[in-house]
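# Structural features, examined
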Amino acid sequence: MSLFQTIKTPVVTYEQPLGLFINNEFIKGVEGKTFETINPHNEKPIVAVHEATEKDVDIAVQAARRALEGEWKQVTPSERGRLLTRLADFLERDIDTVAAIEALDNGKGVTMAKGDVAASAGCLRYYGGWADKIFGQTIDTDRGSLTYTRHEPVGVCGQIIPWNFPLLMIAWKIGPAVATGNTVIIKTAEQTPLSGLYVAKLIKEAGFPPGVINVISGFGRTAGAAIASHMDIDKVAFTGSTLVGRGILQAAAKSNLKKVTLELGGKSPNIVLPDANLEEAIGWVNLGIFFNHGQCCCAGSRILVHEDIYDQFLELFKKRAEENKVGDPFKTDTFQGPQVSQLQYDRIMNYIVDAKHAGAKVVTGGERHGNEGYYIQPTIFADVHEDMKIVKEEVFGPVCTVQKVRDEDEAIRVANSTNYGLAAAVHTTNINSAIRVSNAIKAGTVWVNNYNTLHYQMPFGGFKESGLGRELGSYALENYTEVKTVRIHLSQA
Ligand code: ADP
């Protein structure tokens, strides 16, 4: 099988790389395996890409190690920043192509995908700005010594990303890693390998030395597991399910105690208090759950509404959800495209069927949308109990529950009654309620009168079983640096 193929999308025709990107070259996997990626809009294969297995991970690690010890070490911090900025420029230059790839491979609406490209470029540029601003401290302990710290790169970093934001996750991962002088092997999700390979081409064009950023396509159980347990990878960063995240932590512990950061699942509460601006709150609640087809780890899937406004809220929210345009990702006004895969479609439909059997009331949706592609109607359940699966487990689809709460205290109790702690929101016009609730909720991000407004300058990550460490902002830099203390004894004159 060849290493490139021309792909025609409804908006652009472009050259898609298919190989593993190691040492700045696209190559075939050692075992010669390939796998197909499916268009979720029509359930048909788009193209096959080369598959990385354990041996290819080894080769990529060797390339990353060589770069780390060699050419990359000679590159100045400001040059690292310039390279990231150039990559951001190229993403923006190719925005139509990259957005089309995301729409094709992931199914997200092309307008949303353009938002991802812009956010990815912003993130890379942001970390490019950090590259020459990484420094330690000088510490005065006594007159007889000089002590200072150096923030050194951790080393070779393995990065494993999911399929819900294929491009954006690359930017979140490589930005802080490369800015701080590490080298990277990034494994894209098997459902969405195409944008990563296109970015790989841009990485080469931007002028990164060979081996600094390696991009491989492959499966979790093989390539992903090989990264997590590799003896020569110094750090692993993972975004995905809590189940797999636990396994990554175990594999790291069993192998070389590589540093681990995890960004995992959620079952985030979205609280609407009676003094909220209802119309605005409904807009945010709608975006909170249905943005990216519900395929967000921070999706506001548990909506907790004060009893005084519950009936009115449900009526308006139903109306709002039914206005969401579901359909072809290549239509510019599409809000919700298909779910990413047959597997995800089946998982979500099982949750819907289970909720119906358990007695939850379907306010709207609850069925497949159309008869081709992995489309699911925006679905709202009411009359749910705290012990129902649909309330407790992460669905990762366009499905939410609305629960009635008596007061602020009950809202906080219910909000916190989960093992997850990724995100939350409260809608209110009372500053005291806003601060009381946001202080009381155990979650890494609390939005007040908005939802899903992530930004590369703001740290993001989970309390409890939603993760370890923080991505984005200056906080992410800590994941990618080791602090070295140097103490110098001064000879007395
Ligand atoms: P989902 O179930 O939504 O696909 P996963 O957590 O399974 O989410 O996948 C997220 C990423 O983790 C993907 O890149 C996937 O290939 C990878 N992955 C899955 N299983 C493993 C594993 N056992 N070890 C390492 N990576 C894995």
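Calculation rules
- Residues numbered from 1 in each chain as written.
- Predicted model: local features only at pLDDT ≥ 70, side-chain atom pairs only at ≥ 80, totals over all residues.
- Helix = DSSP H or I, 4+ residues; strand = E, 2+ residues; numbered from the N terminus.
- Rg over C-alpha atoms; globule rule 2.2 N^0.38 Å.
- Contact = placed C-beta atoms within 7 Å.
- Axes fitted to C-alpha atoms, helices over the stretch in contact; angles between N-to-C directions.
- Parallel < 35°, antiparallel > 145°, perpendicular 65-115°, else oblique.
- Left-handed = near helix turned anticlockwise from the far one by under 90°.
- Nonpolar A, V, L, I, M, F, W, Y, C, P; charged D, E, K, R; others polar.
- Buried ≥ 20, exposed ≤ 12 C-beta atoms within 10 Å, placed from the backbone.
- Pairing = 2+ DSSP bridges.
- Right-handed = clockwise from strand over helix to strand, strands pointing away.
- pLDDT = per-residue confidence, 0-100.
- Near = placed C-beta within 6 Å.
- Expected span 1.5 Å × (residues − 1).
- Arc of directions from axis to C-beta.

## Describing the overall build of the chain
- Each helix and strand in the chain was counted, giving 16 helices and 22 strands.
- Computed over its C-alpha atoms, the radius of gyration of the chain comes to 23 Å, within 12% of the 23 Å expected for a compact globule of 493 residues.
- Considered along the principal axes of its C-alpha atoms, the chain spans approximately 80 × 65 × 40 Å.
- Taking the intrachain contacts of the chain between residues at least 6 apart in sequence as the baseline, contacts between residues at least 24 apart amount to 72%.

## What to know about the environment of phenylalanine 165
- With respect to the helices and strands, the residue phenylalanine 165 is situated in the loop between strand 9 (156-160) and helix 6 (166-179).
- Expressed as a C-alpha distance, the spacing of phenylalanine 165 and glutamate 102, which sit 63 residues apart in the sequence, is 8.5 Å.

## Observations concerning the packing of helix 3 (residues 77-93) against helix 5 (residues 110-130)
- In the contact formed by helix 3 and helix 5, the axes pass within 7 Å of each other and the chain directions differ by 165°. Considered as vectors, helix 3 and helix 5 are oriented roughly antiparallel to each other. Of the two elements, helix 3 crosses helix 5, and the hand of that crossing is left-handed. Of helix 5, the residues touching helix 3 (which contributes Gly81, Leu84, Thr85, Leu87, Ala88, Leu91 and Glu92) are Val117, Ser120, Ala121, Leu124, Arg125, Tyr127, Gly128 and Gly129.
- The residue inventory of the contact of helix 3 with helix 5, partitioned by class, reads 8 nonpolar, 5 polar and 2 charged.

## Some words on unusual backbone geometry
- In this model, histidine 293 sits at a positive phi of 65°, which is unusual for a non-glycine residue.
- Looking at where histidine 293 falls in the secondary structure, it is placed in the loop between helix 10 (278-290) and strand 15 (302-306).
- Look at histidine 293 and you get buried, because 32 C-beta atoms sit within 10 Å.
- With a phi close to 45°, lysine 464 is a non-glycine residue in the positive phi region.
- Relative to the elements of secondary structure, lysine 464 occurs in the loop between strand 20 (445-448) and strand 21 (467-468).
- Accessibility expressed as a C-beta count within 10 Å gives 17 for lysine 464, which makes it partly exposed.

## Describing the sheet that holds strand 7 (residues 138-139)
- Judged by pairing direction, the sheet is antiparallel, and its 3 strands sit side by side in the order 7-8-22 without closing on themselves. Sheet topology places strand 7 and strand 22 (481-489) at the edges, where each strand pairs with a single neighbour.
- As paired strands, strand 8 (residues 145-153) and strand 22 are joined by 9 bridges and run antiparallel to one another. If you follow leucine 146 over to strand 22, its bridge partner there is isoleucine 488.

## Topic: the pairing of strand 12 (residues 235-239)
- In terms of burial, strand 12 is a largely internal element, 5 of the 5 residues being buried.
- Here strand 9 runs beside strand 12; their pairing, made up of 4 bridges, is parallel. Looking across to strand 12, one finds that glycine 158 is bridged to valine 236.
- Handedness of the crossover is the feature at issue here: the chain leaves strand 12, passes through helix 9 (residues 242-254), returns alongside strand 13 (residues 259-263), and the resulting connection is right-handed.

## Structural notes on the confidence of the model for the chain
- In this model, the chain carries an average pLDDT of 98, and 100% of its residues clear a pLDDT of 70 or more.
- Across the assembled chains, the prediction reports ipTM 0.98 with pTM 0.98.

## Here's the deal with the site of the ligand
- Around the ligand sit 17 residues in total, of which Gly220, Gly224, Gly240, Ser241 and Val244 are the nearest.
- Sorting the residues of the shell around the ligand by element identifies helix 8 (220-228) and helix 9 as the ones contributing at least two each.
- Among the elements that line the shell around the ligand, the one with the most residues is helix 8, at 5 residues.
- When the residues that make up the shell around the ligand are grouped by side-chain class, the tally is 9 nonpolar, 5 polar and 3 charged.

## Some thoughts on helix 3
- The end-to-end C-alpha distance of helix 3 is 25 Å, a good match for the 24 Å that 17 residues give at a rise of 1.5 Å each.
- Every buried residue of helix 3 is accounted for by Arg80, Gly81, Leu83, Leu84, Leu87, Ala88 and Leu91. Buried residues along helix 3 cover an arc of 160° about the axis, so they all sit on one side.
- In the core, the buried residues of helix 3 are packed alongside helix 4 (95-105), helix 5, helix 6 and helix 7 (194-206).

## Some details on helix 7
- Look at helix 7: 19 Å from first C-alpha to last across 13 residues, which is about the 18 Å you get at 1.5 Å a residue.
- Among the 13 residues in helix 7, 10 count as buried, and that is most of the element.
- Those residues of helix 7 not exposed but buried are Leu194, Ser195, Gly196, Leu197, Tyr198, Val199, Ala200, Lys201, Ile203 and Ala206.

## Brief notes about the pairing of strand 18 (residues 399-405)
- Among the 7 residues in strand 18, 6 count as buried, and that is most of the element.
- Bridge analysis of strand 15 against strand 18 gives 5 bridges, and the strand direction is parallel. What sits directly across from histidine 306, in strand 18, is valine 405.
- Pairing between strand 17 (residues 379-382) and strand 18: 3 bridges, direction parallel. Across the sheet, residue phenylalanine 381 finds its bridge partner in strand 18, namely threonine 401.

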